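Now for the letters of each chain:
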Amino acid sequence: MRTALRLSIDRIKCDGHGLCAELLPEIIRLDDWGYPIIAAGPVPEGLAPLAQRAVASCPVLALALALALQPTAASK
Amino acid sequence: MSDTLLWYTTRGAGAVSLILLSGVVVLGVLSALRVQSAGWPKFLTTGLHRNIALMAMVFLALHIVTAIVDPFTHLGWLTAVVPFSSYYRTLWLGLGTIAFELLVAIVATSLVRGLIGQGAWRAVHWLAYASWPVAVIHGFGTGTDALSGWFMVLSIVCVGSVAVAVVYRLGQGSADPLASARSDFRARVARRPDR
Ligand code: HEM
Ligand code: SF4
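Residues numbered from 1 in each chain as written. Chains lettered and ligands numbered in written order. Predicted model: local features only at pLDDT ≥ 70, side-chain atom pairs only at ≥ 80, totals over all residues. Heavy atoms only, no water.

A. Local environment of the overall build of chain A. Helix and strand counts for chain A stand at two helices and four strands. For chain A, the α and β elements follow one another from N to C terminus as β-α-β-β-α-β. For chain A, the C-alpha atoms occupy an extent of roughly 40 × 20 × 20 Å along the three principal directions. Looking at chain A as a whole, 42% of its 76 residues are labelled buried. (Helix = DSSP H or I, 4+ residues; strand = E, 2+ residues; numbered from the N terminus. Buried < 20%, exposed > 50% of the residue type's maximum accessible area, 1.4 Å probe, protein only.)

B. Here's a closer look at unusual backbone geometry. Unlike most non-glycine residues, L61 of chain A shows phi in positive territory, near 50°. Within the secondary structure layout, L61 of chain A lies in the loop between α2 (48-57) and β4 (63-70). Judged by relative accessible area, which is 18%, L61 of chain A ranks as buried. Phi at R34 of chain B is positive, roughly 60°, even though this residue is not glycine. Secondary-structure assignment places R34 of chain B in the loop between α1 (3-32) and α2 (42-69).

C. Spatial organisation of the interface of chain B and chain A. On the side of chain A, 18 residues touch chain B, which itself brings 16 residues to the contact. Summing both sides of the interface, chain B and chain A together bury roughly 1,200 Å²; the carbon and sulfur share of this comes to 48%. Our enumeration of links across chain B and chain A arrives at one salt bridge. R34 of chain B is paired through a salt bridge with D15 of chain A; the nearest N and O atoms lie 3.3 Å apart. For the interface between chain B and chain A, the tally reads eight residue pairs in polar contact (both at pLDDT 80 or more). Breaking the side of chain B that touches chain A down by element, the ones donating at least two residues are α2, α5 (113-116) and α6 (118-125) of chain B. For the side of chain B that touches chain A, the leading source of residues is α2 of chain B, giving three residues. Across the side of chain B that touches chain A, the residue classes break down as five nonpolar, six polar and five charged. (Contact = heavy atoms within 4.5 Å. Buried area = accessible area lost by both parts, 1.4 Å probe. Salt bridge = Lys/Arg side-chain N within 4 Å of Asp/Glu carboxyl O. Polar contact = N/O pair within 3.5 Å; in protein donor to acceptor, adjacent residues only side chain to side chain. Nonpolar A, V, L, I, M, F, W, Y, C, P; charged D, E, K, R; others polar.)

Everything listed here is a matter of coordinates, which is why it stays silent on function.
Dropping the structure here:
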């Protein structure tokens, strides 16, 4: 197992400001109503600082970045 | 430093603070209302809101420190902390102290928003609508320049833009497209007997 960064959205808190998709279009896009859709998979290493910034910019603190265990081929 | 230079600095920094804080309030309203256009993304509004707020704190620090160390009035450091403790222009300086303390609370809670949680942050942040007018009254009451032409024009522009923004804000309510669905949901949950 190794760890990877994952973005998650609290759907109850998120009220569709769309700021996250502006700041992190690499991973987040918006659906037709302006609510975010996060690309599957971990946050690429190089995008971590930008992801952190998107988290800090969400006006309702609905976005979170956390370390999660990730199964790798070797440890399966 | 000469006394006159201190006095000029106090006045100049006060006027700059008025401009910056008015801008911060207007930008706060614009971000709450999610105003945006093709050339003006939302992160620009929130980013400017935050950074101009931090810049305003620097000018306010300059404004307060130069006022206090000015030997002409010898206000004393207590004036900066305890409202209405000054022998000199007690009311007007006291209002300035209150406005500044509210601002410090607003900025400090904003910088640790993730730690204190959204609800507490929001409650403190609403104090902006109290702090700004108190600061403006402080300036009108005690400002050396309050009656000069340039300051009048500046005040009209600042008070005018904040007033327009606030009236607009009151008229708009929540910018959340699902606001009514959400409150409906909450009302239903609250009505459940087993809760
Ligand atoms: C580091 C400093 C600050 C940060 C990070 C910050 C952050 C924010 C955020 C995230 C919002 C919500 C925007 C939205 O709902 O989309 C907001 C709104 C607002 N802020 Fe600030 N803020 C700061 C300082 C200030 C200061 C110093 C003032 C007052 C002069 C102020 C006045 C406002 C106002 C009036 C609103 C609109 C509130 C509403 O009507 O919902 N902010 N701010
Ligand atoms: S910035 Fe926050 S509220 Fe806005 S869409 Fe992203 S997660 Fe939702």
